[in-house]
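# Architecture and fold: a report
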There are 4 protein chains.
Amino acid sequence: MALQVEKTTSGREYKVKDMSQADFGRLEIELAEVEMPGLMSCRAEFGPSQPFKGAKITGSLHMTIQTAVLIETLTALGAEVRWCSCNIFSTQDHAAAVIARDSAAVFAWKGETLQEYWWCTERALDWGPGGGPDLIVDDGGDATLLIHEGVKAEEIYEKTGKLPDPASTDNAEFQIVLTIIRDGLKADPKKYHKMQERLVGVSEETTTGVKRLYQMQDNGTLLFPAINVNDSVTKSKFDNLYGCRHSLPDGLMRATDVMIAGKVAVVCGYGDVGKGCAAALKQAGARVIITEIDPICALQALMEGIQVLTLEDVVSVADIFVTTTGNKDIIMVDDMKKMKNNAIVCNIGHFDNEIDMLGLENYPGVKRITIKPQTDRWVFPETNTGIIVLAEGRLMNLGCATGHPSFVMSCSFTNQVIAQLELWKERKSGKYEKKVYVLPKHLDEKVAALHLGKLGAKLTKLSKSQADYISVPVEGPYKPANYRY
Amino acid sequence: MALQVEKTTSGREYKVKDMSQADFGRLEIELAEVEMPGLMSCRAEFGPSQPFKGAKITGSLHMTIQTAVLIETLTALGAEVRWCSCNIFSTQDHAAAVIARDSAAVFAWKGETLQEYWWCTERALDWGPGGGPDLIVDDGGDATLLIHEGVKAEEIYEKTGKLPDPASTDNAEFQIVLTIIRDGLKADPKKYHKMQERLVGVSEETTTGVKRLYQMQDNGTLLFPAINVNDSVTKSKFDNLYGCRHSLPDGLMRATDVMIAGKVAVVCGYGDVGKGCAAALKQAGARVIITEIDPICALQALMEGIQVLTLEDVVSVADIFVTTTGNKDIIMVDDMKKMKNNAIVCNIGHFDNEIDMLGLENYPGVKRITIKPQTDRWVFPETNTGIIVLAEGRLMNLGCATGHPSFVMSCSFTNQVIAQLELWKERKSGKYEKKVYVLPKHLDEKVAALHLGKLGAKLTKLSKSQADYISVPVEGPYKPANYRY
Amino acid sequence: MALQVEKTTSGREYKVKDMSQADFGRLEIELAEVEMPGLMSCRAEFGPSQPFKGAKITGSLHMTIQTAVLIETLTALGAEVRWCSCNIFSTQDHAAAVIARDSAAVFAWKGETLQEYWWCTERALDWGPGGGPDLIVDDGGDATLLIHEGVKAEEIYEKTGKLPDPASTDNAEFQIVLTIIRDGLKADPKKYHKMQERLVGVSEETTTGVKRLYQMQDNGTLLFPAINVNDSVTKSKFDNLYGCRHSLPDGLMRATDVMIAGKVAVVCGYGDVGKGCAAALKQAGARVIITEIDPICALQALMEGIQVLTLEDVVSVADIFVTTTGNKDIIMVDDMKKMKNNAIVCNIGHFDNEIDMLGLENYPGVKRITIKPQTDRWVFPETNTGIIVLAEGRLMNLGCATGHPSFVMSCSFTNQVIAQLELWKERKSGKYEKKVYVLPKHLDEKVAALHLGKLGAKLTKLSKSQADYISVPVEGPYKPANYRY
Amino acid sequence: MALQVEKTTSGREYKVKDMSQADFGRLEIELAEVEMPGLMSCRAEFGPSQPFKGAKITGSLHMTIQTAVLIETLTALGAEVRWCSCNIFSTQDHAAAVIARDSAAVFAWKGETLQEYWWCTERALDWGPGGGPDLIVDDGGDATLLIHEGVKAEEIYEKTGKLPDPASTDNAEFQIVLTIIRDGLKADPKKYHKMQERLVGVSEETTTGVKRLYQMQDNGTLLFPAINVNDSVTKSKFDNLYGCRHSLPDGLMRATDVMIAGKVAVVCGYGDVGKGCAAALKQAGARVIITEIDPICALQALMEGIQVLTLEDVVSVADIFVTTTGNKDIIMVDDMKKMKNNAIVCNIGHFDNEIDMLGLENYPGVKRITIKPQTDRWVFPETNTGIIVLAEGRLMNLGCATGHPSFVMSCSFTNQVIAQLELWKERKSGKYEKKVYVLPKHLDEKVAALHLGKLGAKLTKLSKSQADYISVPVEGPYKPANYRY
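Residues numbered from 1 in each chain as written. Chains lettered and ligands numbered in written order. Predicted model: local features only at pLDDT ≥ 70, side-chain atom pairs only at ≥ 80, totals over all residues. Heavy atoms only, no water.

### Quick word on the pattern of salt bridges
This is how it is decided: By convention in these notes, a salt bridge is any Lys or Arg side-chain nitrogen within 4 Å of a carboxyl oxygen on Asp or Glu.
Scanning all chains against the criterion turns up 146 salt bridges over all chains. One salt bridge in this structure joins Arg368 of chain C and Asp376 of chain C, with 3.0 Å as the shortest N-O distance. Among the charged side chains, a network of salt bridges with common partners joins Asp23, Arg26, Glu72, Arg101 and Asp102 of chain A.

Below you can see the structure in the form of structure tokens.
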């Protein structure tokens, strides 16, 4: 690995695939801006006062066109930004190019190796001698993880002189993380401590990242305040649900051109992501079957006419398999062997270990035929039949299509901007401890409100007497905290 | 009012419409039992140990066939029960008859006057000299209200000697409540205090009742512990949503036989009830428009392709209007005047004041033509055109049809049984203070699980390593408390 | 059988259940008129010229509120009318009463015996000494059948002196037909010949009736011209499809209150009726499985995500069974024995022999428990479990609910009016031979056009150059005859 | 234009974009074969007997992967094949490459100019001195048109010596056609006559092409027999409906990544294509409005809850516009000027003149910004806002995505193979005159049956007595010719 940081004429660092795609990226950003009213409203409302003046923000979040609009919203509000992707396949190279050229330091390209991925993450976190970041925008928690692991290693090193040992773990990816930390330690044994000290907080995008944060909070190991953006209603009930409803069929079509109508599709998990996937597949004419561990979600599926079975029941008759669980070991290589010829297997949950890619790769005699990037046919030697795996088991909507569309990402990212503003505004007030917070409901409602006009909606206004009757303020918030929507 | 309590041969009190319908009621109960696996499982699990032995339970909840199965579950577990309906139109007379004959003291019939309604409520609360009730099953909170108002009046009376004055309020219904309390006070100035002292707690069924309870909790006026059954996921996300999706079209069809396809239908409110109604109307081929005050719910509607406008925008073009808000003054008589001839106006929210029935009744020159019970055409003198109001503005699914179907009520009522069991079991432990509680998630999940087998579903089981990976117990609960489903 | 014709004060004959329901019938007719713009347009357009002046029309078609509006449209255009129902359960008694009182001779009530049914049919055809009818409105072809069988029997009698022998057939219903003809023959051996000679033609409503007509046309035995109203697009693609989509769940709910969501529903046949039923069940949250003989219809179901299996595959797991085939022997008693306890079995196709009612009734030891009229639980002795059969195997939407809603029947019945007008106008022109005709497409389009305004639709108009480009007249018809819609 | 035919090592002619994509094409063909059971069954059933031995087939039909499987089915049955695309954007270059390399003479690439397009068409028709083609597979009728125009010109030339004059028409494309014919005439004044004499017949794929054929039949100018494949149920009710339901959102997503949920989408035309498009958009969460000229189709839309308005009513509020009419002048430049910024305008009907591309291109001061190939933003000078036009107004599903998926094309193309077999088998029998024919229903049903197994469906078999009861053969066909499905 001899990755070289490059610099723009203005001296800003970057590492992207192809700078010549920047103009194309700009055109697509301009389209996206029209579809992202929440972010554009933030620019209009907060831009003039430059609230992020002086703030250095690192982002680890899919470097797509939508993220580009987020980044340029942060910079429009005064921030300085460094960015990497949180998934090796999710970068859109034209988006990376235009942001690198025009707006922020970007380290991201589609098809990174795992080593390259973590190199990019480290670059995004490294603000040089001036120090930084002040704030982190995280998706899945890898930036947060690196800092926490770094601090931990530095503490051990300080106490014992022991460097982290990559050989101490079987997990190939974690070996890379340890290597990076080890190499960093040699250069500066307080690198991550300095980072931690300066850090005002992180806002986290996903279910999986949030889960990690709550675990650290519960263990007392969380090093800085965190805002759980995922659990804003305008995030998890929109991005996860409607975003996946859009991008799952998009990914399937771009990767395989398969007719969804008439097929039997198995969706593993019926949370928000699973609900969106099941809805999309059903509406496209598939017969959908879900697998679930949670009886409540299972009963919801049944109420929609969706059959609930175990993977074992359907593994040999289904045509399409989608994992949405955020868990691991959902579809194992032994399952894949039993599938029909050309069954499609893909993941839209979180990590690639939802599908047993390791087991597949190591299966004796298995043959991998790459139809096109992110679309591989794996042929088993016993049967000479194959299955089609998308995006190497990673997020197929980002690997095979372009992720979630701008409008729904505008909801999610407006939450991010608001969370970042809140952390930054309160950086000295002590309002936020080393805990995980959700945004207050009135901000959640505000995010929604910013997206209604674009769709031509008109809200009804409560009269004072109606508001009193149901005991809410006229201007909201309208629901109790635990309301489920 | 000269209502007379009657007695069965065994001496149990009742007041119902027609005892000869009891056999028909029994046949329908037998059908319903097959559809209510949660309640039947409770009988199988808890029946042998008779946990309610000695408990006197008063219920104020629509006296339908489904409620009959609930009542007989309570009695099968050892309870003694008295019951009234919580809505003047919601009683199914054959259900009331069979329960009165076979299982519990019932005071309920379809088409009560408001005076009769409160007489029934008082009868259901009056356990005679032995005292009682120990527990209340409430729906909308009228039984709870009567006790709270009674206690309040008794305190004033004790301090000041003043009796409640029905003339002190404009609200016709509250005048009746005050009259009942006043008359009771004369007979026994400690009646409601004695009730309160004995009362172990209440479990409340609805959004509206729950709201009242939280207000009392916040004001410090709640007199006994309460379990909020409404906010069990297996209640509010099932009964409210899927129940209304079933019973709204059922009510429309039985009342008017109108073709829903092709019509423009306005649903006021897009909470769980509104979501169910909108789904039903859309699927039946209507073009649905919703009105909302909450931007988040509005954005959800838009994501489903449903237009969001104000009532004013559509009042003169729509064919069907449904209120689902739990608020008041949603459709006023001035709105109704602007509607198309034979526009249908109905309420499936909570109280009849969602529709301005008072304004309609008092409109000068308005003519009411009763097509059949619960289906009235109101003709305005200016235009000689009319609108069709269902169930006099009260819950149309109960007034014009038979309410929610057994299966979904089994979910709700299994929560009730579990809540009652919990209150009773902990009656001396001090576990429950004078506050409002929700059931723990593992019980919520249990309720769902009890309903899967009937629908042929098979759950997937977590492995230990998967459970650890997502940090949940293998046997659940699987979701954080704030999970929205 | 000692059925007595009654007479109104004006001397018109009738036989209905309860004349006191006439006012209620009038109120419902007034509601229906608002929903039947096609029929009301016919009254406005043709009423003044009284085109049916002198025409005597006999109808054999479900005596519902919608049919009442049809009848009063015929009389508004100048016709004299006699009517019977075409199904023993389909009469709405208030509709029959009001028509009998105000508009036409009616012989119909809900719950006729088969003998009563044919007595009514004969009464409707018997115009007394003045002769008649001139025209027949038929549904299923029973009026047409009686005349054809009568003529056949008269010919045999004339040639051979032999009277029809009811004992010559096993078919219980046909025995009754033969008895009626036999008795008629004795009174007037030329009765049906006279009828035939006068008859201008018949317009037939249903798939089943139309099939009979084409068979007679092919055999050369059709005795008068027939217009196939069923195959107007605005009939079969609306009434059959959207009508059943409305009335199937309506019937299920009124008869059983069963929750459709979550259930497994089998729809036998995926023609227009089956498509409507499957759509309704799916949208209500059932998991639908269809059975089909026709590979094209089967493939259509698959494209909608509906599984296609044989009855045998699913008989023991499904909850609801609906026959829609127009064929016989679809669900046999041996199938019913294998069903789950309280499985619902019903027919919305045509005759009650889609379900093996005879086999069920004659099953040794079977027990019939009538829950309520048209809802029977049949318990098998071996298992002591039962199934629920609706409307005794006859059309459940008419037997258990109120049939199709007014709006869609307005489409069907406007076709009937137009067909009757056409037959009557051309009665002397020789335009129509003893064959089966469909209405020309421009009339079909006209029927549709008459129903758009009520639903707020606006049509686009072709420019002349556009019309030329696609080679159609500017004013239509717009599609070739074989277009499938 | 100096287009050069190239030759494979085996000497077969071709002209494609990039021969190096052939391997990729082969991989995708192998995937497609699994999805095209109808074509693969034809290979299994007919391959051994080589029925096309000696037949030279020219195809003018989108040169996609699916078409590649069709071509290799024709060659597997013994035919020799030459092929061109019927749309300048619809070729998939890897499909063209692999077929050119392995199976047939191909002249097609994505992004032809109109001149190149007609050069390709002529090449595909030119079988050299040996003569040919014997059969034509046509889509839209361009190959058929060229022959008919050629023959007409040759006749005029023979009689008058006059050559066709390209300047005689305003239509830019027809100028090219006339030029080609003129140049051909000089070389061989009997070229098209010879072609016509040899030609056994054509099978035509589309509504538009079929309309041309019927016009020629009616005018008596049709030069050879034609089989109308479009009106096979398994074509028009599958490919047009379910194909577009799949490929419309696919094209929208690939071209614009726009979120469909929440948008207002206008579908012009509600025929089979429009029905598929409206269904797809509705299911994706758009609010759909249709425009229609035909009252019957309009009423169908209304029954599905879809609003029917004129373009004028909605032009300034909608977000997405789709033309599906097969007519011209549906969306004019004056309409486009009134649209919202970044409104999307696209065509999935037939020719690009559904959208007024000419008017748009010639609009004074309009600016065209190509976001990416087939996705152009056109900015009007007055407002500086723009609209997004897909595929230059041509078929967006082929231009922006990959057309219809394999499975549904297998239905269409199996009809093509059967039609070609039928024409070839009867080439000397005189069975087919110079008329337009549809395939008999039993073959239509056979096509469907060949596609059921792949989807796991099981058909029910009629008993003999059931078949007799409904008067059809046990083995089908099951429906009358005019049945609408």
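The structure having been displayed, the exposition proceeds.
### Digging into the relation of the copies chain C and chain D
Going by this rule: Least squares is used to superpose the copies, and the fit set is the C-alpha atoms of residues whose pLDDT is at least 70 in both copies. Only heavy atoms enter the contact rule, under which two residues are in contact if any of them lie within 4.5 Å.
Overlaying chain C on chain D yields an RMSD of 0.0 Å, the required transformation being a rotation through 180° with an accompanying axial translation of 0.0 Å. Accordingly, the operation relating the two chain copies is best matched by a two-fold axis. Distance from the rotation axis, computed per C-alpha, reaches its smallest value in chain C at Arg484 of chain C: 2.2 Å. Looking at chain C, 100% of its interface residues are interface residues in chain D too, so the copies touch through the same face.

### A look at the relation of the copies chain B and chain A
Each copy superposes on the other: chain B lies on chain A with an RMSD of 0.1 Å after a rotation of 180° and an axial shift of 0.0 Å. Counting the interface residues of chain B, we find that 100% of their copies in chain A are interface residues as well, pointing to one common contact surface.

### So, the interface of chain B and chain A
This is how it is decided: Simply put, the buried area is the total loss of 1.4 Å probe accessible area from both parts when two parts are fitted together. Counting of polar contacts relies on pairs of N or O atoms within 3.5 Å, with two restrictions inside protein: one atom must be capable of donating a hydrogen and the other of accepting it, and residues adjacent in sequence are counted only when both atoms are side-chain atoms. Secondary structure elements follow DSSP: runs of H or I of four or more residues count as helices, runs of E of two or more count as strands, with numbering from the N terminus. Amino acid classes used here: Ala, Val, Leu, Ile, Met, Phe, Trp, Tyr, Cys and Pro are nonpolar; Asp, Glu, Lys and Arg are charged; the rest, including Gly, are polar.
Counting residues at the interface gives 65 residues for chain B, matched by 65 residues for chain A. Around 6,100 Å² of area is buried between chain B and chain A when both sides are counted, 59% of it from carbon and sulfur atoms. For chain B, the biggest contributors to the area lost against chain A are Ile293, Ile296 and Arg484 of chain B; these three give 13% of the whole. Here chain B is connected to chain A by six salt bridges. Across the pair Asp294 of chain B and Lys479 of chain A runs a salt bridge, and its minimum N-O distance is 2.8 Å. For the interface between chain B and chain A, the tally reads 26 residue pairs in polar contact (both at pLDDT 80 or more). Looking at the side of chain B that touches chain A, the element that brings in the most residues is helix α12 (residues 295-303) of chain B, giving eight residues. Looking at side-chain class alone, the side of chain B that touches chain A contains 29 nonpolar, 18 polar and 18 charged residues.

### Description of the UniProt feature "domain: S-adenosyl-L-homocysteine hydrolase NAD binding" (unreviewed entry) in chain A
For clarity, the cut-off: UniProt positions are given in the numbering used here, feature names are shortened, and annotations may be inferred rather than shown by experiment.
With numbering matched to this structure, UniProt assigns "domain: S-adenosyl-L-homocysteine hydrolase NAD binding" (unreviewed entry) to residues 240-403 of chain A. Here residues 240-403 of chain A runs as 34% helix and 23% strand, with 11 Å between its end C-alpha atoms.

### A word on unusual backbone geometry
In this structure, the amide linkage connecting Gly132 of chain B to the following residue, Pro133 of chain B, adopts the cis form with an omega of 0°. Position of Pro133 of chain B relative to the elements: it lies in the loop between α5 (114-125) and β6 (135-138). At the junction of Gly476 of chain D and Pro477 of chain D, the peptide bond is cis and its omega measures out at 0° in the coordinates. Phi angles above zero are rare outside glycine, and Ala391 of chain B is one such case at about 50°. Position of Ala391 of chain B among the secondary structure elements: in the loop between β16 (386-390) and α16 (396-399).

### Description of the interface of chain C and chain D
Chain C puts 65 residues into the contact, and the matching count from chain D is 65 residues. Note on chain C versus chain D: buried area summed over both sides is about 6,100 Å², and carbon and sulfur give 59% of it. Looking at the side of chain C facing chain D, the largest losses of area belong to Ile293, Ile296 and Arg484 of chain C, adding up to 13% of the total buried there. There are six salt bridges connecting chain C and chain D. In this structure, the salt-bridge partner of Arg245 of chain C is Glu304 of chain D, at a minimum N-O distance of 3.3 Å. Linking chain C to chain D there are 26 residue pairs in polar contact (both at pLDDT 80 or more). Mapped onto the side of chain C that touches chain D, the elements with two or more residues apiece are α9 (207-219), α10 (233-256), α11 (272-283), α12 (295-303), α17 (406-425), α18 (441-449) and α19 (464-469) of chain C.

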